[in-house]
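# Coordinate inspection notes
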Amino acid sequence: MPPEESDLSLIIAHVVQKLKGSSLYAQLERQAWASLQRPEIRLESLKEDIKEFFKISGWEKKLQNAVYSELSVCPLPSHPAAPPEHLKEPLVYMRKAQGSWEKRILKSLNSMCTELSIPLARKRPALEQKELLNKWNEMGTDEPDLSLFRPVYAPKDFLEVLINLRNPNYENGDSLGFRTHLGLIQVPLKVKDIPELKECFVELGLTTGQLGIDDSTQVPPELFENEHVRIGQKVLVEQDSAAAQQYIRQGSPTALRAELWALILNVSSQPEDVLYYEQLKTNVIQHDLLVDSLIYKVLLCFSRDTSVLGHFSYNSASPPKSYIRGKLGLEEYAVFYPPNGVIPFHGFSMYVAPLCFLYHEPYKLYQIFREMYVRFFFRLHSISSHPSGIVSLCLLFETLLQTYLPQLFYHLREIGAQPLRISFKWMVRAFSGYLATDQLLLLWDRILGYNSLEILAVLAAAVFAFRAVNLMEVTSLAAAEAVLADLSTLKVMPLLQIFLFATVT
Amino acid sequence: MSRVSVPCHVKGTVSLQVGDMRSSQGRPGVLVIDVTFPNVAPFELQEITFKNYYTAFLSIRVRQHTSVHTPTKWVTCLRNYCLMPDPHSEEGAQDYVSLFKHQMLCDMSKILELRLILRQPSPLWLSFTVEELQIYHQGPKSPSVAFPKWLSHPVPCEQPPPLPEQGLPDPSRVSSEVQQMWALTEMVRANHTSTRIGRFDVDGCYDLNLLSYT
């Protein structure tokens, strides 16, 4: 079989394998069995009739959405000779750097454990379990006493690691060469320039309607908004993930956002999802984990969710391992800690907070957050060469600034205010907590629409461009930080549009 | 289609450089790797696989066995195959690559020797090469595939045959179709699902030591 056909067969087999374990598979099976009772299903054309039934009843669409979701999330199986680490991260030096970073985190957590004499995990006594169950619903905003705990790491510690990333095969000489990069990131990853970004984000162009720009009060809604809402409603009726993803590039109407995000992330609301969440809640009640002190409610459930372990096949990071007490080294007593393999850092809860505005049922909020994490957010705090990984985003930001605002970049560098030191914290948190909520949701619409985090780097550069005049006048890092301290009044879509499409270069 | 690895001897890389080799100004941008096949009869090449290490372009020349009277000569079978779309950046730098017979410019039968010519025009990299080189010739054809054939080769929509005048289908046909359906069911039942159960403890216990650094 020629290689192109065998590639397609491999992809099909890969997706089928992934979907086989899903609840959709079981549902399709049940539906197929049930359909045998229907008069239009004939024995001699069984396969074709069932396929036709699936098409009419909407099950084929659900399957299409599931396949589309798999293709968007999981990278395709790589070369057969490539080991699994290669799928997580193809560059050896990046894998090593991620490994060292993880070791530091584990050491920090272990020290916290021994210094405070608090175990990594503890089974709650029955009385405590009962109390926790009773006050579960009030627990939302209560923050536990964190005075003794220091954060496992803060974004600026992570930035220092990224700054020190070096490719051992790269000419890192002192002499200035044609590729000298004046920023902090010194690894030569491929990042897009503005012409490539314009091609990639073509729907953000000046001649395309946008929510966040063309729905402002001065613009009559007949010009764009009404029609856009109508199309959005149609997309929801059709229940087509791919269409929703394309649609949301122009922004989502507030009333449709919760459903649209659920459709794009292929999150359904089956009874088993409610049950799954309740099971996670039970796990929270039964065991108290050291990492709990660092986060709040939805994340408590997230930490117990072993299904999150699946994303480590395409994440350069690996889940920490431990053994049951007294059984060190015995593989049958090896477990992951926390159960989902993700150790939260300072500010991790900012990934969840904006979603609370969209979803009110806890299990729905939970599913959406989990899906957003395993598709996007994990890339913001692991070291990898992926175009949406934090290293690439930092390099993209610095390159955009150095290329298109060279005077500003040079000036800030001269006064000891490397721009990345200010923008890093915005990108690592996907701007959550820095922008006004409605603006943040418009930004996250585009993350979903383009299935990429590159827009975060572009926005960071656009913010610097917007405040360039003030920044040119400052003479210290602290003053530069002050100019960029408050982003809560910014309107993200006009900033992005001007930076990409309306700046004279 | 199965393939069989051919034992080969990969000679050390030879860099091609103009001028004084000992001068430290500039690094070679062209390397040559010779691959010989001692103790192997001339064979037909099916596939070459390797792991790239910062090579941007690859050319391959092959020396083939000819009839007794004509001298063997080198023929280019792959010219400037691009491994790194941007030689200055990391994309493709450490990828695993396969090259097949049908991608070659000439017939790949009766191979005696291979010569790989590696090029890396960017001065940014300290070294470049290819690793884990494996050469394959075609093995015996194997009939089995890992997944059902109907998945990768969907049949076109069949028209149901018209019912005979009496309205009753042929009993032997019905029984064979029921058998088919039964076989499908058995296949589905045999494939267990890969969903995780969701337990993170060991027999109800999650009392842990410290985290381990492996």
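Our structure is the block above this text.
Residues numbered from 1 in each chain as written. Chains lettered and ligands numbered in written order. Predicted model: local features only at pLDDT ≥ 70, side-chain atom pairs only at ≥ 80, totals over all residues. Heavy atoms only, no water.

What follows covers the overall build of chain A. Scanning chain A for helices and strands turns up 23 helices and four strands. Projecting the C-alpha coordinates of chain A onto the three principal axes gives extents of approximately 80 × 65 × 55 Å. Within chain A, the proportion of its 505 residues that are buried is 52%. Partitioning the contacts of chain A with sequence separation of at least 6, the portion at a separation of at least 24 is 75%. Put simply, chain A shows about 22,600 Å² of open surface, and 56% of that area lies on carbon and sulfur atoms. A distance of 5 Å separates the average location of the 49 positive side-chain charges in chain A from that of its 55 negative side-chain charges. (Helix = DSSP H or I, 4+ residues; strand = E, 2+ residues; numbered from the N terminus. Buried < 20%, exposed > 50% of the residue type's maximum accessible area, 1.4 Å probe, protein only. Contact = heavy atoms within 4.5 Å. Areas by Shrake-Rupley, 256 points an atom, 1.4 Å probe, with all protein chains shown as cover. Lys, Arg positive; Asp, Glu negative; His and termini not counted. Charge placed at Lys NZ, Arg CZ, Asp CG, Glu CD.)

We now examine the overall build of chain B. For chain B, the count of helices and strands is two helices and 11 strands. For chain B, the N- to C-terminal ordering of α and β elements is β-β-β-β-β-β-β-β-β-β-α-α-β. Across chain B, contacts joining residues at least 24 apart in sequence account for 77% of those joining residues at least 6 apart. In the form shown here, chain B has an accessible surface area of approximately 13,200 Å², with 57% of it arising from carbon and sulfur atoms.

Before going further, it helps to spend a moment on the nonpolar core. Judged by nonpolar contacts, the single largest core of 186 residues is most densely connected at Tyr337 of chain A together with Leu114 of chain B. Take this core: its biggest share by element is 10 residues, from helix H20 (residues 454–466) of chain A. Not counting residues up to four positions away in its chain, the partners in contact with Leu114 of chain B are Ile33, Asp34, Val35, Phe37, Leu45, Ile48, Ile60, Arg61, Val62, Trp74 and Ile135 of chain B. Within the second largest apolar cluster, 12 residues are counted, among which are Leu19, Leu46, Ile50 and Trp59 of chain A. (Core = buried A, V, L, I, M, F, W, Y, C linked by side-chain atoms within 4.5 Å.)

This part is about the packing of aromatic side chains. Counted under the stated rule, the structure contains 26 aromatic pairs over all chains. When the ring of Tyr153 of chain A is compared with that of Phe158 of chain A, the centres are 6.4 Å apart and the planes differ by 50°; the resulting orientation is tilted. Owing to a relative accessible area of 1%, Phe158 of chain A belongs among the buried residues under this scheme. When the ring of Tyr53 of chain B is compared with that of Tyr54 of chain B, the centres are 4.8 Å apart and the planes differ by 90°; the resulting orientation is edge-to-face. Across the pair, exposure class does not vary: Tyr53 of chain B and Tyr54 of chain B are buried alike. In this structure, Lys107 of chain A is placed above the aromatic ring of Tyr213 of chain B, and the distance from its NZ or CZ to the ring centre is 5.6 Å. Sitting over the face of the ring of Tyr333 of chain A, Lys327 of chain A holds its NZ or CZ atom 5.0 Å from the ring centroid. (Phe/Tyr/Trp six-rings, centres within 6.5 Å; stacked < 30°, edge-to-face > 60°. Lys NZ or Arg CZ within 6 Å of the ring centre and 35° of its normal.)

In this section: the sheet that holds strand E11 (residues 208–212) of chain B. The strand order across the open sheet formed by three strands is E4(A)-E3(A)-E11(B), and the pairing between neighbours is antiparallel. In this open sheet, the two strands that pair with only one neighbour each are strand E4 (334–336) of chain A together with E11 of chain B. Sheet twist, expressed as the average angle between the axes of neighbouring strands with direction ignored, equals 35°. (Pairing = 2+ DSSP bridges. Axes fitted to C-alpha atoms, helices over the stretch in contact; angles between N-to-C directions.)

Moving on: the side chain of Asp273 of chain A. With respect to the helices, strands and loops of the structure, Asp273 of chain A is situated in helix H13 (residues 271–286). When neighbours within four sequence positions are excluded, Asp273 of chain A is seen to be in contact with Ser268, Tyr363 and Gln367 of chain A.

Attention now moves to the environment of Ser307 of chain A. Mapped onto the elements of the fold, Ser307 of chain A is located in the loop between helix H14 (297–303) and strand E3 (321–324). For the pair Ser307 of chain A and Leu263 of chain A, spaced 44 residues apart in sequence, the C-alpha separation works out to 20 Å.

Residues and elements named next belong to chain A. Look at the link from Tyr337 to Pro338: it is a cis peptide, with omega at -15°. Secondary-structure assignment places Pro338 in the loop between E4 and helix H15 (362–375). A positive phi angle, close to 55°, is found at Asn266, a residue other than glycine. Taking the relative accessible area as the measure of exposure, Asn266 reaches 31% and is therefore partly exposed.

All names here are of chain B. With respect to topology, four strands assemble into an open sheet ordered E1-E10-E5-E8, the strand pairing being antiparallel. One side of each edge strand has no neighbouring strand; the edge strands of this open sheet are strand E1 (3–6) and strand E8 (96–100). Along the sheet, successive strands turn relative to each other by an average axial angle of 30°, direction set aside. In the sheet, strand E5 (residues 45–53) pairs with strand E10 (residues 129–138) via seven bridges, with the strands oriented antiparallel. Across the sheet, the residue bridging to Leu45 is His137, located in E10.

Our next topic: the pattern of salt bridges. Residues and elements named next belong to chain A. Counted according to the given criterion, the structure contains 25 salt bridges over all chains. Notably, a salt bridge pairs Asp288 with Arg122, separated by 2.9 Å at the nearest N-O pair. Here Arg122 lies in strand E1 (residues 121–123) and Asp288 lies in strand E2 (residues 287–289), a separation of 166 residues in the sequence. The class of Arg122 is partly exposed, set by a relative accessible area of 29%. As a salt-bridge pair, Arg124 and Glu128 come within 3.2 Å of each other at their nearest N and O atoms. By relative accessible area, Arg124 is classed as buried at 9%. Several salt bridges share partner residues, and in doing so they unite Arg122, Arg124, Glu128 and Asp288 into one network. (Salt bridge = Lys/Arg side-chain N within 4 Å of Asp/Glu carboxyl O.)

A few words on the packing of helix H2 (residues 23–35) of chain A against helix H4 (residues 59–73) of chain A. Residues and elements named next belong to chain A. Contact geometry of H2 with H4 gives a least axis separation of 11 Å together with a crossing angle of 160°. Taken together, the axis directions place H2 and H4 in an arrangement best described as roughly antiparallel. Judged by the sense of rotation from one axis to the other, the crossing of H2 with H4 is left-handed. Each of Leu24, Gln27, Leu28 and Gln31 in H2 lies in contact with H4, whose residues at this interface are Trp59, Lys62, Leu63 and Ala66. The residue makeup of the contact of H2 with H4, split by class, is five nonpolar, two polar and one charged. (Parallel < 35°, antiparallel > 145°, perpendicular 65-115°, else oblique. Left-handed = near helix turned anticlockwise from the far one by under 90°. Nonpolar A, V, L, I, M, F, W, Y, C, P; charged D, E, K, R; others polar.)

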